[in-house]
Amino acid sequence: MADEDELVTWGGDGYPPSLRPILSRLGSSGTATLDVDQGWWPLLRRLDNDIAAVAPDYRITRLGEDLGVLDFAVASGDLTDEIADIIAGAQTESTGTCVVCADRAWLYRQGDWLVTLCPDHARARDARPARTDADIAEAVPRPTDQELAFALSAGVPGSAFTAQAQRANRAYVHASADADEAEMSSWLTSTAVARLLNTSPDAVNHLRQRGALVGGRRRNGRYAYPSWQFDWRNRPIPGLQTVLAVLAEDDDVVGISALMTGSWEELGGLSAAHWLAQGLPIEAVLRALEDSERL
Ligand SMILES: [Zn+2]
């Protein structure tokens, strides 16, 4: 929308007039600041409109950014389930919105910070995709028992920590979806698999549907296929369908892929995919899978 673009590219002094209602809810002194970057201003204005529609005089007690997620709270007297839902919706939207330009975004790590950026702005800031548990764990300072006890004795409600944990969890879910997407981006498209197998993309779809191949659905809606499923002759590895049937309970295709390509002690240090590709007995793989805690 044109007037949303206007917010994102606003270069004037102070704040654009359409954000004044939000500023007035933040403080009475007239010195309030919006501690979120311009890419999020449009969603912030929509959030304000939506809350004001049900609570015209509500007050904002917290506004900022935390772990790449919009941090927003209203005065406890104004908080209803409906408003909590509206805020949660805006927070979810913020995790996919570049803080600079409002384009489609993912979670990145920039130095010690987690920040939500589009790929272009991530590159410009030299940020890298935040995709590991370690990224999240390092960026989320969890209160120690002592800190928690002190905070509670000082009157900080325990729910403040729950809220923090919920935000951290959202960031985590978002980051692991990013990791899956990053992994799948290196897999084969249906067209590429069709070329390998000398067949049509429709036939590849059909093979996946009946469990002869495994593929994961990417954000663009298209399926991607890990290449370990094919041997050096570009044929599906022997026993693939049988192994996939054992793993079928698991709809985490990235997890299945990691399981099939990891080194197994039971298979003399080979991966299950490599073992099968060499035509070694499938029974050993099935036994290893059955014994595995990993299933
Ligand atoms: Zn951007």
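Residues numbered from 1 in each chain as written. Predicted model: local features only at pLDDT ≥ 70, side-chain atom pairs only at ≥ 80, totals over all residues.

(A) Fine view of the overall build of the protein. Helix and strand content of the protein: 14 helices and 8 strands. A buried classification covers 28% of the 295 residues belonging to the protein. In the protein, of all internal contacts separated by at least 6 residues, the share reaching a separation of at least 24 is 52%. (Helix = DSSP H or I, 4+ residues; strand = E, 2+ residues; numbered from the N terminus. Buried ≥ 20, exposed ≤ 12 C-beta atoms within 10 Å, placed from the backbone. Contact = placed C-beta atoms within 7 Å.)

(B) View of the packing of helix H9 (residues 190-197) against helix H10 (residues 201-209). Two elements in contact, H9 and H10, have axes separated by 8 Å at closest approach and are oriented at 95°. As far as their axial angle goes, H10 and H9 are roughly perpendicular. Touching Ser 190, Thr 191, Val 193, Ala 194 and Leu 197 of H9 are Pro 201, Ala 203, Val 204 and Asn 205, all from H10. Residues belonging to the contact of H9 with H10 are distributed by class as follows: 6 nonpolar, 3 polar and no charged. (Axes fitted to C-alpha atoms, helices over the stretch in contact; angles between N-to-C directions. Parallel < 35°, antiparallel > 145°, perpendicular 65-115°, else oblique. Nonpolar A, V, L, I, M, F, W, Y, C, P; charged D, E, K, R; others polar.)

(C) Focus on the sheet that holds strand S6 (residues 188-189). In spatial order, the strands read S6-S8-S7; together these 3 strands make up an open sheet with antiparallel pairing. Edge positions in the sheet fall to S6 and strand S7 (216-217), since each of these pairs with one other strand and no more. As paired strands, S6 and strand S8 (residues 223-225) are joined by 2 bridges and run antiparallel to one another. Paired with Leu 188 across the strands is Tyr 225, a residue of S8. (Pairing = 2+ DSSP bridges.)

(D) Representation of the nonpolar core in the model. Core analysis: the biggest nonpolar cluster contains 32 residues, and Leu 47, Cys 98, Tyr 108 and Leu 117 have the highest contact counts within it. Where this core is concerned, the elements lending two or more residues are helix H3 (41-54), strand S1 (60-66), strand S2 (69-74), helix H4 (81-94), strand S3 (106-110) and strand S4 (113-117). Apart from the residues within four sequence positions on either side, Leu 47 is in contact with Phe 72, Ile 86 and Ala 90. With 13 residues, the next largest nonpolar core counts Ala 272, Ala 273, Trp 275 and Leu 276 among its residues. (Core = buried A, V, L, I, M, F, W, Y, C linked by C-beta atoms within 7 Å.)

(E) Layout of the environment of Thr 80. Position of Thr 80 relative to the elements: it lies in the loop between S2 and H4. Put simply, Thr 80 and Ala 55 are 25 residues apart on the chain and 9.6 Å apart in space, counted from C-alpha to C-alpha.

(F) Region of the structure containing the pairing of S2. Across 6 bridges, S1 lies against S2 in antiparallel orientation. Within S2, the residue paired with Leu 63 across the bridge is Phe 72. Hairpin connection between S1 and S2: a loop of 2 residues separates the two successive antiparallel strands, and Leu 67 in this loop has a positive phi of roughly 55°.

(G) Region of interest: the packing of H3 against H4. Where H3 meets H4, the axes come as close as 10 Å, and the angle between the chain directions of the two elements is 170°. Between H3 and H4, the crossing angle belongs to the class labelled roughly antiparallel. Contact with H3, carried on its side by Leu 43, Leu 47, Asp 50, Ile 51 and Val 54, involves Glu 82, Ile 83, Ile 86, Ala 90, Glu 93 and Ser 94 of H4 and no other residues of that element. A class-by-class count of the residues in the contact of H3 with H4 yields 7 nonpolar, 1 polar and 3 charged.

(H) Fine view of unusual backbone geometry. If you check the backbone angles, Asn 198 has positive phi at about 60° while not being a glycine. Its location among the elements puts Asn 198 in the loop between H9 and H10. Backbone geometry at Asn 234 places phi at a positive 65°, although glycine is not the residue there. If you trace the backbone, Asn 234 turns up in the loop between S8 and helix H11 (240-247).

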